[in-house]
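# Chain and residue survey
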There are 2 protein chains.
Amino acid sequence: MYFSKLVESICPYVAGEQPQDKKYIKINTNENPYPPSKEVEKIIKSYDYSSLRLYPDPDSNVLADSLSKIYNVGKENIFLGNGSDEVLAMCFPAFFDPNDLPVAFADITYSFYKVWANMYKINTHVIPLNDNFEIEANDYINLGNKVKGIIITNPNAPTGIILDKQDLISIIKANKDKVVIVDEAYVDFANYSMAEYIKEFDNLLVVRTFSKSYSLAGIRCGFALGNAKLISALNTIKNSINSYTVNRLTQAVAKAAIEDRDYFESNINKIVQTREWTITKLKELGFYVLPSSSNFVFAKHIECKGKDLYLNLKKNGVLVRHFDLDRIRDYLRITIGTQEEMEKLIETLIEIM
Amino acid sequence: MYFSKLVESICPYVAGEQPQDKKYIKINTNENPYPPSKEVEKIIKSYDYSSLRLYPDPDSNVLADSLSKIYNVGKENIFLGNGSDEVLAMCFPAFFDPNDLPVAFADITYSFYKVWANMYKINTHVIPLNDNFEIEANDYINLGNKVKGIIITNPNAPTGIILDKQDLISIIKANKDKVVIVDEAYVDFANYSMAEYIKEFDNLLVVRTFSKSYSLAGIRCGFALGNAKLISALNTIKNSINSYTVNRLTQAVAKAAIEDRDYFESNINKIVQTREWTITKLKELGFYVLPSSSNFVFAKHIECKGKDLYLNLKKNGVLVRHFDLDRIRDYLRITIGTQEEMEKLIETLIEIM
């Protein structure tokens, strides 16, 4: 009797397992296998703990300055949040109305979108990926007045597939009257980003995270880049929920990480190399592997069932992610760990198959 | 055209000024003037930065264990969030429905309540404080079926006044069919808390923060204590917005702070002593001061206007908070700083008056 009708009706997101016993090769939640930049260690060790008695800067100005330089945009084009999940969650009430025109997204994509839509009572227009698990650009180009906006994860998750750049630009151009949110959580492992296009397209919002490419899933920091009016709408929502979403240590740590470009690039290169090695090996073992532009691969075996493989791998100390959902239940989503971890994965697969 | 109707209609919360130039005696946002526990410094200096590559425990189990021991409640009675503002923000969709029965709160209280109500389209039933700026218990005892729930800040803000304990218990008992949220942001500076009563009253939710009494406004950590069903509703909302709201460093820092009970108590004692000294001095200067059970005082001068005093103090390097609102525009809300800071406040007041 104490609860809202909403609580009784929504179905929360289920995150990947986070075992606390530490005995797994944990390649199930797309974390980076390498530590953050050494600059992160320095900033933490030298942090003036007494300053924690004060509220953080609600606008994260010092961190926004760094981002502003790196992306060559104004601070009015940047919105920071407690992880990109929080940024994306705030997009729903900022850009879409309850029980009104829907937001469009793919049937197979980040599964939090439909949870946020339910949370905010926003209708959805779900567009199936084609048989190759690709986004069909024409499906998004010909939406007309059917939807209020679009969210595209690019590269997509859990497929890892990136959309052709010109196709994505065509989608943004064909929907100038709608917001197009491009969730670039994995884009640093790919070969292009839409970040620079926010100046050209007023309807484009690019969402990023420090969790994957900066090895900072534990610090919770994400951001959006977009036209000042889109950013202002996000700030209106944020300041109607929580003024101080990004804490002092997070602001300092994220700044240190993003400014160490050399470490960032070498970290990415290592993961991309290991990804290509892993794909080759998986194919040798009889896996069908989707082309990945991310720090994970999505693969199914021609003979073994996805759930069996997942359970057998877990039993043998290797944790991957399996989604028991139509169209993808034969697949495993495997995060790219260190080279050693992926060698262990391949060995374990050979043993159990 | 990109925005929701909500964005056009809501009026965000305005936090106290956070000047970045550091030249003020900053007694405007109820921050603690003393640093956090030395244990916080230790935990930060010795923190394994490489673990930041991993997501935090979404349920903050290790921190919840500490809270569980200190408050003698089960972990199922604890909900953690990114500051108590986030916890309170999640209470609105968890316990109240849009365009339905209202939530009741005082006309003069934490001003974020009406912002959250607007954000989630929840009706409000605003109950005026009496002429002494006190909550009239009978107003809340006789609500009948008019409201879905109640929020009481206790001690209240910005008045600092605490409700008689038996009156608060009577309110909770008279509303067993409704959730009663007691926002105890300042309770560590008072002489009683409702935390222990969550076992007795299924409808009681107590909300707490690390920002004030633990000197950790910069780390963003708050929590709720309540019946497992209330906590479960909050978890449903949280997991429909953001699975990982409390980051790794915050979990570690909050745990270190709350376990150092000696420092916590000596810190509180110093502030309470300085508060009593400040009240005496303000009265000598012709101020009317409300009785405070918090780390701030709410005071008006018998002759000088609130806004003039605020502006003159600011000009002289002392930042206090002034609310330009009916009933309270003659008042200043003055955070209790160090003894030296309060002496400077009194000196400055003598100079400018």
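Predicted, not measured: the structure shown is a model, and the values here were computed from it. (Residues numbered from 1 in each chain as written. Chains lettered and ligands numbered in written order. Predicted model: local features only at pLDDT ≥ 70, side-chain atom pairs only at ≥ 80, totals over all residues. Heavy atoms only, no water.)

## Concerning the interface of chain B and chain A
Taken together, the contacts link 84 residues of chain B with 85 residues of chain A. In total, about 7000 Å² of surface goes out of reach between chain B and chain A, with carbon and sulfur atoms giving 58% of it. When residues of chain B are sorted by the area they lose upon contact with chain A, Tyr2(B), Tyr49(B) and Tyr55(B) head the list and together hold 13% of the total. Viewed at the interface, chain A and chain B are joined by two salt bridges. We note a salt bridge from Lys5(B) to Asp100(A), for which the minimum N-O separation is 2.6 Å. Connecting chain B to chain A are 43 residue pairs in polar contact (both at pLDDT 80 or more). (Contact = heavy atoms within 4.5 Å. Buried area = accessible area lost by both parts, 1.4 Å probe. Salt bridge = Lys/Arg side-chain N within 4 Å of Asp/Glu carboxyl O. Polar contact = N/O pair within 3.5 Å; in protein donor to acceptor, adjacent residues only side chain to side chain.)

## Let's talk about a negative patch on the surface
All names here are of chain A. On the surface, Glu134, Glu136, Asp139, Asp164 and Asp167 cluster together into a negatively charged patch. The residue Asp139 is located in helix α6 (residues 137–141) in this model. Taking relative accessible area as the criterion, Asp139 reaches 33% and is therefore assigned partly exposed. (Patch = residues over 30% accessible without salt bridge, like charges linked within 9 Å, V, L, I, M, F, W, Y side chains within 5 Å. Areas by Shrake-Rupley, 256 points an atom, 1.4 Å probe, with all protein chains shown as cover. Lys, Arg positive; Asp, Glu negative; His and termini not counted. Charge placed at Lys NZ, Arg CZ, Asp CG, Glu CD. Helix = DSSP H or I, 4+ residues; strand = E, 2+ residues; numbered from the N terminus. Buried < 20%, exposed > 50% of the residue type's maximum accessible area, 1.4 Å probe, protein only.)

## Some details on the side chain of Asn30(B)
The residue Asn30(B) is located in the loop between β1 (25–26) and α2 (38–45) in this model. When near neighbours in sequence (up to four residues on either side) are disregarded, Asn30(B) contacts Tyr186(B), Lys212(B), Asn295(B), Phe296(B), Arg333(B) and Thr335(B).

## So, the relation of the copies chain B and chain A
Between chain B and chain A, the superposition needs a rotation of 180 degrees and an axial shift of 0.0 Å, giving an RMSD of 0.0 Å. The two molecules are tied by a two-fold rotation axis, judged by turn and shift. Among all C-alpha atoms of chain B, that of Lys45(B) lies closest to the rotation axis, at 2.3 Å. (Least-squares fit on C-alpha atoms with pLDDT ≥ 70 in both.)

## Quick word on helix α7 (residues 165–174) of chain B
All names here are of chain B. Those residues of α7 lying buried are Leu168, Ile169, Ile171 and Ile172. Across the axial projection of α7, the buried residues extend over an arc of 155 degrees, all falling on one side. Tucked into the core, α7 has its buried residues touching α6 (137–141), β5 (149–153), β6 (179–183) and β7 (204–209). The N-cap residue of α7 is Asp164: its side-chain oxygen and the backbone nitrogen of Gln166 are 3.1 Å apart. (Arc of directions from axis to C-beta.)

## Section: the sheet that holds β6(B)
Residues and elements named next belong to chain B. In spatial order, the strands read β2-β8-β7-β6-β5-β3-β4; together these seven strands make up an open sheet with mixed pairing. Bordering the open sheet on either side are β2 (78–81) and β4 (124–127), each of which pairs with just one other strand. In this sheet, neighbouring strand axes are inclined to one another by 20 degrees on average, regardless of whether the strands run parallel or antiparallel. In this sheet, β5 lies alongside strand β3 (residues 103–106) in parallel orientation, the contact comprising two bridges. Bridge pairing in β5 links Ala104 to Ile150. Strand contacts of helix α3 (residues 61–71): β2, β7 and β8 (222–226), with the helix running at about 130 degrees to β2, the strand carrying the most contacts. Set on the sheet, α7 makes contact with β5, β6 and β7; between it and β5 the angle comes to about 165 degrees. (Pairing = 2+ DSSP bridges. Axes fitted to C-alpha atoms, helices over the stretch in contact; angles between N-to-C directions.)

## Observations regarding the packing of aromatic side chains
All chains considered together, the criterion is met by 42 aromatic pairs over all chains. Centroid distance Tyr13(B) to Tyr110(B): 5.7 Å. Interplanar angle 70 degrees. Geometry classified as edge-to-face. Taken together, the residues span a long stretch of sequence, with Tyr13(B) in the loop between α1 (5–9) and β1 and Tyr110(B) in the loop between β3 and α5 (112–119) at a distance of 97 residues. The same class applies to Tyr13(B) and to Tyr110(B), which are both buried. Taken together, the ring pairs connect Tyr13(A), Phe92(A), Phe95(A), Phe96(A), Phe105(A), Tyr110(A), Phe112(A), Tyr113(A) and Trp116(A) into an aromatic cluster. The aromatic ring of Phe296(A) is capped on one face by Arg333(A), whose charged end is 5.7 Å from the ring centroid. In this arrangement the basic side chain of Arg261(B) is found over the ring face of Phe264(B), its NZ or CZ atom lying 4.5 Å from the centre. (Phe/Tyr/Trp six-rings, centres within 6.5 Å; stacked < 30°, edge-to-face > 60°. Lys NZ or Arg CZ within 6 Å of the ring centre and 35° of its normal.)

## Digging into the sheet that holds strand β2 (residues 78–81) of chain A
The pairing of strands in a sheet happens through backbone hydrogen bonds and is either parallel or antiparallel. Residue and element names in this part refer to chain A. Read across the open sheet, the seven strands follow the order β2-β8-β7-β6-β5-β3-β4; overall the sheet is mixed. Looking at which strands have only one partner, the edges of the open sheet turn out to be β2 and β4 (124–127). For this sheet, the mean inter-axis angle between neighbouring strands, taken without regard to orientation, is 20 degrees. Here strand β6 (residues 179–183) runs beside strand β7 (residues 204–209); their pairing, made up of four bridges, is parallel. For Val182, the partnering residue across the bridge sits in β7 and is Val206. Running over the sheet, helix α4 (residues 84–95) touches β2, β3 (103–106), β5 (149–153), β6, β7 and β8 (222–226) and is turned about 155 degrees from β7.

## Brief notes about the packing of helix α3 (residues 61–71) of chain A against helix α9 (residues 248–259) of chain A
Each pair of packed helices can be summarised by the angle the axes make with each other and by the distance between the axes. Residues and elements named next belong to chain A. Packing of α3 against α9 brings their axes to within 9 Å, and their N-to-C directions diverge by 20 degrees. For the element pair α3 / α9, the angle class is roughly parallel. When the axes of α3 and α9 are compared, the crossing they make is left-handed. Where α3 approaches α9, its residues Val62, Leu63, Ser66, Leu67, Ile70 and Tyr71 are matched on the opposing element by Gln251, Ala254, Lys255, Ile258 and Glu259. Tallied by class, the residues present in the contact of α3 with α9 amount to seven nonpolar, two polar and two charged. (Parallel < 35°, antiparallel > 145°, perpendicular 65-115°, else oblique. Left-handed = near helix turned anticlockwise from the far one by under 90°. Nonpolar A, V, L, I, M, F, W, Y, C, P; charged D, E, K, R; others polar.)

## A closer look at the confidence of the model for chain A
Taken residue by residue, chain A gives an average pLDDT of 96. The fraction at 70 or more is 99%. Both confidence scores are given for the complex: pTM 0.97, ipTM 0.96. (pLDDT = per-residue confidence, 0-100.)

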